Amino acid sequence: PVMSITVPLQCLWSLFTDAFLIGTLYARLSRGQTRAASIIFSDKACISTVDGVPYFMFQACDSRKHSLLEAKVRCYCFL
């Protein structure tokens, strides 16, 4: 009789705990705006020719100690 109450309660507890932990992890990883504020760009840039093709080069770094898993950078040029 005790097991018929204990097992469902343990299942519900683990379900709620998993949902909380997954939600917390997703909320932490999905915030990109605060991550964008920690990116530092160099003050100087250069245009160099590599194999006859001109490239615009600059340096960017992340000031946080945790590195990104999959970094995607989008750069726009306004003339």
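Residues numbered from 1 in each chain as written. Predicted model: local features only at pLDDT ≥ 70, side-chain atom pairs only at ≥ 80, totals over all residues. Heavy atoms only, no water.

**What to know about the overall build of the protein**
A count of helices and strands for the protein gives two helices and four strands. Relative to its length of 79 residues, the protein is extended, with a C-alpha radius of gyration of 24 Å against a globular reference of 12 Å. Seen through its principal axes, the protein has C-alpha atoms that stretch 80 × 25 × 25 Å. When the 79 residues of the protein are sorted by exposure, 3% land in the buried category. Sequence-distant contacts, at least 24 apart, represent 26% of the contacts inside the protein between residues at least 6 apart. Total accessible area on the protein stands at roughly 8000 Å², and carbon and sulfur atoms take up 66% of it. (Helix = DSSP H or I, 4+ residues; strand = E, 2+ residues; numbered from the N terminus. Rg over C-alpha atoms; globule rule 2.2 N^0.38 Å. Buried < 20%, exposed > 50% of the residue type's maximum accessible area, 1.4 Å probe, protein only. Contact = heavy atoms within 4.5 Å. Areas by Shrake-Rupley, 256 points an atom, 1.4 Å probe, with all protein chains shown as cover.)

**Here we look at unusual backbone geometry**
The backbone of Asp51 sits at a positive phi, close to 55 degrees, despite the residue not being glycine. With respect to the helices and strands, Asp51 occurs in the loop between strand E2 (46–50) and strand E3 (53–57).

**Focus: the pairing of E3**
Two strands pair when backbone bridges link them, and E2 and E3 are joined in this way by five bridges, in the antiparallel orientation. When the sheet's bridge partners are listed, Val50 is paired in E3 with Val53. Here E2 folds back onto E3 in antiparallel fashion, the turn holding two residues, of which Asp51 has a positive phi close to 55 degrees. (Pairing = 2+ DSSP bridges.)

**Regarding helix H1 (residues 3–29)**
A rise of 1.5 Å per residue sets the reference length of H1, with its 27 residues, at 39 Å; its end C-alpha atoms lie 39 Å apart and thus fit the reference within 8%. Burial analysis of H1 places just zero of its 27 residues in the buried class, a small minority of the element. (Expected span 1.5 Å × (residues − 1).)

**With respect to the packing of aromatic side chains**
Per the stated rule, a full pass over the model turns up two aromatic pairs. Here the aromatic rings of Phe41 and Phe58 are separated by 5.9 Å at their centres, their planes lie at 50 degrees, and the arrangement is tilted. With Phe41 in strand E1 (residues 39–41) and Phe58 in the loop between E3 and strand E4 (60–62), this residue pair connects regions lying 17 residues apart in the sequence. Relative accessible area serves as the criterion here: at 33%, Phe58 is assigned to the partly exposed category. Consider the rings of Phe56 and Phe58, whose centres lie 5.8 Å apart with planes at 50 degrees: the pair is tilted. (Phe/Tyr/Trp six-rings, centres within 6.5 Å; stacked < 30°, edge-to-face > 60°.)

**Some words on a nonpolar patch on the surface**
The grouping of Ile5, Leu9, Leu12, Leu15 and Phe16 at the surface amounts to a nonpolar patch, some 540 Å² of accessible area in total. As for its placement among the helices and strands, Phe16 is situated in helix H1. For Phe16, a relative accessible area of 56% translates into the label exposed. (Patch = residues over 30% accessible without salt bridge, like charges linked within 9 Å, V, L, I, M, F, W, Y side chains within 5 Å. Salt bridge = Lys/Arg side-chain N within 4 Å of Asp/Glu carboxyl O.)

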